[in-house]
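Observations on the three-dimensional arrangement
Read off the chains here:
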Amino acid sequence: MPRPRRNRGGGSPRARAEAFFRQVLDQTGDGYLTSADLQAMAHNVCWQLELDDAAEAEVYAGFDTWWQHIRATMDTDGDDRVSRAEFTAAMVAGADRDPDYLHKGLHTALRALFRAADTDGSGHVGADEYRVLFGGSRVHPAELNHGFRQLDADGDGRITEDEFLSAFTDYFTARTDTTAGAQLLGRP
């Protein structure tokens, strides 16, 4: 998954949505959100976790479902891609708070991500599983520990699916740097 940058785009909702689009969602850097961008996110998850074919297919399917929902609700000109302007307008209008967008789009991808991260099948993501998913040579262990604590809302040393969904929903819909989602992968 992409790491948030320290400056998430200023104070206004429009500036934040534009920055989030550029810094997180537009994986290909072409100025548009397409299936390729969400598939790149899925690829990054699968690569980190070294998933088997079935688990990898579930992650890709989840991100594709999210893309289909984004396209259906935000592609106002019908060109099968979502420009930064289309995305920003939809977010400012409240698309990120629409239960349909969350439950049928974003949460489908997040549930697939959670199941992939839960490598031992315990129904929880532990600290070691979290480190595998979000770790790497560019992430300091203290940032990983901080990020894990942000997700572990009840402090029991493991992340439930509800905690995971809540924090990632905050991350993908954050309008301020003070929400837990803004610190999901470490310090903002």
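As a starting point, this report considers the structure included with it. (Residues numbered from 1 in each chain as written. Predicted model: local features only at pLDDT ≥ 70, side-chain atom pairs only at ≥ 80, totals over all residues. Heavy atoms only, no water.)

Next up on the list: unusual backbone geometry. Phi at Glu-50 is positive, roughly 50°, even though this residue is not glycine. In this fold, Glu-50 is placed in the loop between helix H2 (35-49) and helix H3 (53-74). In this structure, Asp-80 is a non-glycine residue whose phi angle is positive, near 60°. Mapping Asp-80 onto the fold places it in the loop between H3 and strand E2 (82-83). In this structure Asp-80 comes out as partly exposed when scored by relative accessible area, which is 48%. (Helix = DSSP H or I, 4+ residues; strand = E, 2+ residues; numbered from the N terminus. Buried < 20%, exposed > 50% of the residue type's maximum accessible area, 1.4 Å probe, protein only.)

Inspection of every chain in the model, using the stated rule, returns 8 salt bridges. One salt bridge connects Asp-96 with Arg-97, and the closest N-O pair in it is separated by 3.4 Å. When its relative accessible area of 3% is taken as the criterion, Asp-96 is described as buried. Between Arg-131 and Asp-128 there is a salt bridge whose closest N-O contact spans 2.8 Å. Note that Arg-131 and Asp-128 are positioned in helix H6 (residues 127-134) at a spacing of 3 residues, about one turn of the helix. Residue classification places Arg-131 among the partly exposed positions, given a relative accessible area of 34%. (Salt bridge = Lys/Arg side-chain N within 4 Å of Asp/Glu carboxyl O.)

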